[in-house]
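Examining the three-dimensional arrangement
Below, each chain spelled out in residue letters.
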Amino acid sequence: MRCPFCNFEESKVVDSRSSEDKSAIRRRRECLKCNKRYTTYEKVENIPILIIKRNKDRENFDRNKLLNGLIRACEKRPVSRKILEEVADDIEKKLYNQMRTEVQSQYLGELVMEKLKEIDEIAYVRFASVYRQFKDIDSFMEEIAALKKKS
C-alpha cells in the first residue's frame, strides 16, 4: 500500500475495524517514512453473475431488481421492508456462494418463490402468477390447490 503523501510503499496498520455497513474492513495506517496516517478500506471483490433470461439474453444480476420484485409481490401485505431486504440478501448470498458466473432466470425465480412461500402465501401466489405466466384461471387455481395441499 503506497502512502498517499510520500508514495512510500511500507506502512503499519494502527487500527482495524469493520465499516459501518459491515461490507469492508476499515484500516488506519501509518507510513513508515513520513509517519502520516491515512485510511484504507479492504473489500471482497464479487465476480459478476449473469442471469440468463428465457429469451437467452444475458444481464447482470441486480439485487435492486430482485428487491423491487419482492416489494411488488408483497404490496399491501404485512411483510416489512426489513424481511424483504433479508430475503434479497439470502438469495444474493446463495448465488455468490455457488461460485457460478451464470444462472438461469428460472432458478432465480424458484429461489424467490421458495422464500415467498415461507413468509406470505398471497405474495407467493402473486409472484408465481407473473413468473409462471398463468394462461387462465384454471392454472391459477391449480397453483392455489397445490399450495393448500402442502399446508
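Since the model is a prediction, treat every value here as computed from it, not as a measurement.

**Section: the packing of helix α2 (residues 81-97) against helix α3 (residues 105-119)**
- Interhelical geometry of α2 versus α3 gives an angle of 145° and a closest axis separation of 11 Å. Crossing handedness for the pair α2 and α3: right-handed. Packed against α2, whose contacting residues are I83, L84, V87, D90, I91, K94 and L95, the element α3 presents Y107, L108, L111, V112, K115 and I119 at the interface.
- By residue class, the composition of the contact of α2 with α3 is ten nonpolar, no polar and three charged.

**Re unusual backbone geometry**
- With phi around 65°, N35 is a residue other than glycine that occupies positive phi space.
- With respect to the helices and strands, the residue N35 is situated in the loop between β2 (24-31) and β3 (37-43).
- For K76, which is not a glycine, the phi torsion comes out positive at approximately 60°.
- Locating K76 in the fold gives a position in the loop between α1 (63-73) and α2.

**Overview of the sheet that holds β2**
- Reading across the sheet, the three strands line up as β1-β2-β3 and stay open at both edges, with antiparallel pairing between neighbours. Edge positions in the open sheet fall to β1 (11-18) and β3, since each of these has one partner strand only. In this sheet, neighbouring strand axes are inclined to one another by 30° on average, regardless of whether the strands run parallel or antiparallel.
- For β1 and β2, the ladder comprises seven bridges, and the chain directions are antiparallel. When the bridges of β2 are listed, V13 appears paired with R29.

**Points about α1**
- Those residues of α1 lying buried are R63, L66, L67, G69, L70 and A73. Along α1, the residues classed as buried sweep out an arc of 155° about the axis, all on the same side.
- At its buried positions, α1 is contacted by α2, α3 and α4 (121-131).

**A word on α2**
- Taking 1.5 Å per residue, 17 residues should reach 24 Å; α2 reaches 24 Å between its end C-alpha atoms and fits that length.
- Listed in full, the buried residues belonging to α2 are L84, V87, A88, I91, E92 and L95. Looking straight down α2, one finds that the buried residues subtend no more than 130° of arc, so they occupy a single side. In α2, those exposed residues whose orientation departs by more than 90 degrees from the buried face are K82, K93 and N97.
- Each element contacted by the buried residues of α2 is listed here: α1, β6 (102-104) and α3.
- In the segment just after α2, M99 is the residue with positive phi, at about 55°.

**Observations regarding the sheet that holds strand β5 (residues 58-60)**
- The three strands are arranged β5-β4-β6 in an open sheet whose pairing can be described as mixed. Looking at the sheet topology across the chains shown, the edges are occupied by β5 and β6. On average, each strand axis in the sheet is inclined to that of its neighbour by 30°, with strand direction left out of account.
- By the bridge criterion, three bridges tie strand β4 (residues 50-52) to β5 in an arrangement that is antiparallel. If you follow L50 over to β5, its bridge partner there is N60.
- Contacting β4 and β6, α3 runs over the sheet at an angle of about 70° to β6.

So, how was this worked out
- Residues numbered from 1 in each chain as written.
- Predicted model: local features only at pLDDT ≥ 70, side-chain atom pairs only at ≥ 80, totals over all residues.
- Heavy atoms only, no water.
- Axes fitted to C-alpha atoms, helices over the stretch in contact; angles between N-to-C directions.
- Helix = DSSP H or I, 4+ residues; strand = E, 2+ residues; numbered from the N terminus.
- Left-handed = near helix turned anticlockwise from the far one by under 90°.
- Contact = heavy atoms within 4.5 Å.
- Nonpolar A, V, L, I, M, F, W, Y, C, P; charged D, E, K, R; others polar.
- Pairing = 2+ DSSP bridges.
- Buried < 20%, exposed > 50% of the residue type's maximum accessible area, 1.4 Å probe, protein only.
- Arc of directions from axis to C-beta.
- Expected span 1.5 Å × (residues − 1).

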